[in-house]
Amino acid sequence: MSEAAIDTSGMKVTDEVVIEIQHMHKWYGEFHVLKNVNLTVNRGERIVICGPSGSGKSTMIRCINRLEEHQQGHILVDGIELTNDLKNIDAIRREVGMVFQHFNLFPHLTVLENCTLAPIWVRQTPKKDAEEQAMHFLSKVKIPDQAHKYPGQLSGGQQQRVAIARSLCMNPRIMLFDEPTSALDPEMISEVLDTMIELAQEGMTMLCVTHEMGFARKVANRVIFMDGGEIIEQNEPEEFFTNPQSERTKLFLSQILNH
Amino acid sequence: MTDVTEQNYPPGKHPSLPPPRNMTGWHVWIWKNFFGSITNTVLTFLSIFLIWQIVPGALDFLVFDSVVNAGSRAECREIADGACWAVIVERFEQSIFAFYPEEERWRVILAFILLFPTVGILLFDGFPARAKLMKFTIAYPFIAGWLIVGGWGLEPVSTDKFGGVMLTLIIGVTGITLSLPIGILLALGRISKLPAMRIVCVAFIEFIRGVPLITLLFVASTMLNYFLPPGVQFDLLLRVLIMVTLFASAYMAEVIRGGLQAIPKGQYEAADAMGLKYWQSMRLIILPQALKISIPGIVNTFIGLYKDTTLVIIIGLLDVLGIMKTALADPKWNGLPEEVYIYTAIFFFVSCFAMSRYSLYLEKKLHTGHKR
Ligand SMILES: Nc1ncnc2c1ncn2[C@@H]1O[C@H](COP(=O)(O)OP(=O)(O)OP(=O)(O)O)[C@@H](O)[C@H]1O
Ligand SMILES: [Mg+2]
């Protein structure tokens, strides 16, 4: 990724709230993994979440689409509260796309089938329309020519771009990224980040767990630092990097920026 | 050959050369595989020696000195002292149909012939008009059942007339086709999040696996009557079919559970995150992968079940092996165990080998590149 500034004209934060997390707690057995998490996300925000390993970043964003269940507090996505009600969970999952560290593509399906599966079965899109749409998004992530290959035949960077296209095919209003580049070789990181930047420029609401600080500086409008299951501080990127408030943030930044 | 040991080409421009002469070709292959090392050479000569010792004698017995046309064992021996295939020739029809009435046998043959397109449609995705013909495969069990058992316009044939190849196929095919779906359900139940479901499935699997098939067959033939209300008659063959299916299902469930456990958690999560419902993600994502991994184990269970059908002999049903053994008791043919057992062995080998080859074909077809 080059250091050149990017066109930010499409990135507009509105005052419509899309995610609201209030006093959320979560335990794994006896282990208190998330402690009183409060977070409000407006439409169009690009939030980068960082923090040391084991601080609960993955757990937090996985609570947003109910891959993990929280035990206390409230999570509202698009005004729908996450409860045990399967209808609410389904409704929220239709709005929220997710990209994983290890891609999690379906190895027995072609790239195109990976992309059309959910539209066909969840949204009941006719197959032809779903394929057209899939090709549109595959072109967007610049791999339309790989549509008929299997994931196992692609490079890591290509696989992750397929995973992004697959999520986009559901027309999500929010995208969650959990360390999307940390399983990739260095030369493939930028192709994935470029795709994510494009998404941001189109006004997608994004929550991204990543340690790519260059990406955070350019794209994020807010950086959140987590440690020990709590949100320690959050700020605009410039302010966050140049003027961190807490000691833990300073220590963390010195560790990741000094190599 | 150009000399490239000295670098006489610009960096990055090394030409692609053919492999060295002595690396390819059939004579190299033979040399490497048969005489490549001292052990290989010794084994090669040992094998040649054994083949030379066994094959000529076996060929004499099986082919050159064998007798096909004779009326009894004594006649056979007068002609030559090799295998007396006449016994198989005479008993051939019986080995297939057992005591099924002769004038009704066309019904069994028709059911058997129809089995081939059914299996073809099910197993090979290149089959013409496959999607439309799938309906036929669903109808097949009912058509075949009607043809074989009779009723509705056909002369009814009591199931105690069944036997031979026909009985082996009925039990084998029924067990195989039913144990797979039941096994899948049991495996899913066993890893389910619902405790009640899990307990029921574990109890069932462990109970059935913990009891020998013979015991289950005895239960089928005798004890089941005690559990049924008095006066209810329950066909013995039907009871055997149920027991064999349950038995194979328990094994199948464990084979498939192994496959399910090999699927990374990320696959479930991706399916969930996309909003697929439980049965959708199982059917579209998890099972296709889990079943593919389990193919060797599944086919292994199929083959085991197929051969276990011979056990029905102990509750008085006569499968191929059973019916052929009756030939041994016939004074005319007394004393020809080799012929009879070779014939039975060939029958089982052909069936099982076909299953094994199909599983290899399927594994190749489902291979979709390197997994990461
Ligand atoms: N299924 C689980 N059961 C028990 N503990 C868990 C489970 N998943 C995560 N944890 C624990 O919860 C804590 C937070 O995990 P989480 O994966 O959210 O961390 P993270 O911030 O994403 O770390 P990383 O940067 O390594 O991905 C860790 O201490 C982890 O060991
Ligand atoms: Mg994580």
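Predicted, not measured: the structure shown is a model, and the values here were computed from it. (Residues numbered from 1 in each chain as written. Chains lettered and ligands numbered in written order. Predicted model: local features only at pLDDT ≥ 70, side-chain atom pairs only at ≥ 80, totals over all residues. Heavy atoms only, no water.)

## What to know about the packing of aromatic side chains
Under the defined criterion, the tally for this structure stands at 19 aromatic pairs over all chains. When the centroid spacing of 5.3 Å and the interplanar angle of 85° are considered together, the rings of F240 of chain A and F241 of chain A count as edge-to-face. Like F241 of chain A, F240 of chain A is buried. Aromatic rings pair up to connect W29, W31, F34, F35 and F45 of chain B into one cluster. Over the face of the ring belonging to F106 of chain A we find R166 of chain A, whose NZ or CZ atom lies 4.5 Å from the ring centre. (Phe/Tyr/Trp six-rings, centres within 6.5 Å; stacked < 30°, edge-to-face > 60°. Buried < 20%, exposed > 50% of the residue type's maximum accessible area, 1.4 Å probe, protein only. Lys NZ or Arg CZ within 6 Å of the ring centre and 35° of its normal.)

## Re the site of ligand 1
Residues and elements named next belong to chain A. Surveying the vicinity of ligand 1 reveals the residues Y28, F31, V33, P52, S53, G54, S55, G56, K57, S58, T59 and E179. Between ligand 1 and G54, the relevant distance is 2.8 Å, taken from an oxygen atom to a main-chain nitrogen or oxygen of the residue. If ligand 1 stood free it would expose 640 Å²; the protein chains cover 59% of that surface. Those elements giving two or more residues to the shell around ligand 1 turn out to be β2 (31–42) and α1 (57–64). In terms of residue count, the dominant contributor to the shell around ligand 1 is α1 (three residues). Partitioning the shell around ligand 1 into residue classes produces four nonpolar, six polar and two charged. (Near = heavy atom within 4 Å. Polar contact = N/O pair within 3.5 Å; in protein donor to acceptor, adjacent residues only side chain to side chain. Areas by Shrake-Rupley, 256 points an atom, 1.4 Å probe, with all protein chains shown as cover. Helix = DSSP H or I, 4+ residues; strand = E, 2+ residues; numbered from the N terminus. Nonpolar A, V, L, I, M, F, W, Y, C, P; charged D, E, K, R; others polar.)

## Re helix α4 (residues 86–97) of chain B
Regarding α4 of chain B, the residues found buried are A86, V87, I88, R91, S95 and F97 of chain B. Looking at the residues trailing α4 of chain B, positive phi occurs at A98 of chain B, about 55°.

## A few points about the pattern of salt bridges
Residues and elements named next belong to chain A. By the definition in use, this model includes 25 salt bridges over all chains. K140 is paired through a salt bridge with E202; the nearest N and O atoms lie 2.4 Å apart. With K140 in helix α4 (residues 127–140) and E202 in the loop between α6 (186–201) and β8 (205–209), this pair connects stretches of sequence that are 62 residues apart. For E202, a relative accessible area of 52% corresponds to the exposed category. Measuring nitrogen to oxygen at the nearest pair gives 3.8 Å for the salt bridge that ties R217 to E238. Taken together, the residues span a long stretch of sequence, with R217 in helix α7 (residues 213–219) and E238 in helix α8 (residues 237–242) at a distance of 21 residues. (Salt bridge = Lys/Arg side-chain N within 4 Å of Asp/Glu carboxyl O.)

## A closer look at the UniProt feature "domain: ABC transmembrane type-1" (unreviewed entry) in chain B
Here, the residues flagged by UniProt with the feature "domain: ABC transmembrane type-1" (unreviewed entry) are residues 165–359 of chain B. For residues 165–359 of chain B, the end-to-end C-alpha separation is 23 Å, with 79% helix and 0% strand making up the annotated structure. (UniProt positions renumbered as here; feature names shortened; annotations may be inferred.)

## Describing the interface of chain B and chain A
Put simply, an interface is often sized by how much accessible area is lost when its parts join up. Each partner contributes residues to the interface: chain B has 22 residues there, and chain A has 25 residues. Summing both partners gives a buried area of about 2,100 Å² for chain B against chain A, and 62% of it is carried by carbon and sulfur. Our count for the contact surface shared by chain B and chain A stands at two salt bridges. Applying the counting criterion to the chain B and chain A interface returns seven residue pairs in polar contact (both at pLDDT 80 or more). Secondary-structure elements contributing two or more residues to the side of chain B that touches chain A are α11 (265–273) and α12 (278–308) of chain B. Element by element, the count of residues in the side of chain B that touches chain A is highest for α11 of chain B, at eight residues. A per-class count over the side of chain B that touches chain A returns eight nonpolar, seven polar and seven charged. (Contact = heavy atoms within 4.5 Å. Buried area = accessible area lost by both parts, 1.4 Å probe.)

## Describing the packing of helix α1 (residues 26–35) of chain B against helix α2 (residues 38–64) of chain B
Each pair of packed helices gets described by two things: the angle between the helix axes and the distance between those axes. All names here are of chain B. Taken N-terminus to C-terminus, the directions of α1 and α2 make an angle of 90°; their axes are 6 Å apart at the nearest point. Our classification of the angle between α1 and α2 gives roughly perpendicular. Facing α1, whose interface residues are K32, N33, F34 and F35, α2 presents N40, T41, T44 and F45. Of the residues contributing to the contact of α1 with α2, the split by class is three nonpolar, four polar and one charged. (Axes fitted to C-alpha atoms, helices over the stretch in contact; angles between N-to-C directions. Parallel < 35°, antiparallel > 145°, perpendicular 65-115°, else oblique.)

## Structural notes on a nonpolar patch on the surface
Taken together, the side chains of L43, L46, F49, L50, I51, W52, I54, V55, L59, L62, V63 and F64 of chain B define a hydrophobic patch exposed on the protein surface, amounting to about 1,200 Å² of accessible area. Mapped onto the fold, V55 of chain B is located in helix α2. (Patch = residues over 30% accessible without salt bridge, like charges linked within 9 Å, V, L, I, M, F, W, Y side chains within 5 Å.)

## Section: the UniProt feature "domain: ABC transporter" (unreviewed entry) in chain A
According to UniProt, the positions carrying the feature "domain: ABC transporter" (unreviewed entry) are residues 19–253 of chain A. The span residues 19–253 of chain A carries 39% helix and 26% strand; its end-to-end C-alpha distance comes to 27 Å.

## What about unusual backbone geometry?
Within the chain, R66 of chain A stands out as a residue other than glycine whose phi angle is a positive 65°. We note that A129 of chain B has phi near 50°; this positive angle belongs to a residue other than glycine.

## Quick notes on the nonpolar core
The nonpolar side chains of soluble globular proteins are, as a tendency, buried together. Counting residues in hydrophobic clusters, the biggest one holds 110 residues, and the most contacted among them are I49, M60 and L207 of chain A together with F162 of chain B. The element contributing the most residues to this core is α12 of chain B, with 13 residues. Here M60 of chain A is in contact with M24, L34, V37, L39, I49, M226 and I231 of chain A, once residues within four sequence places are set aside. (Core = buried A, V, L, I, M, F, W, Y, C linked by side-chain atoms within 4.5 Å.)

## A look at the sheet that holds strand β4 (residues 72–77) of chain A
Residues and elements named next belong to chain A. Read from one edge of the open sheet, four strands run β2-β1-β4-β5, paired in antiparallel fashion. Every other strand in the sheet has two partners, leaving β2 and β5 (80–81) as the edge strands with one partner each. By the bridge criterion, two bridges tie β4 to β5 in an arrangement that is antiparallel. From the neighbouring strand, V77 faces β5, where its bridge partner is I80. Across the sheet, α1 is in contact with β1 (17–28), β2 and β4; its angle to β1 comes to roughly 125°. (Pairing = 2+ DSSP bridges.)

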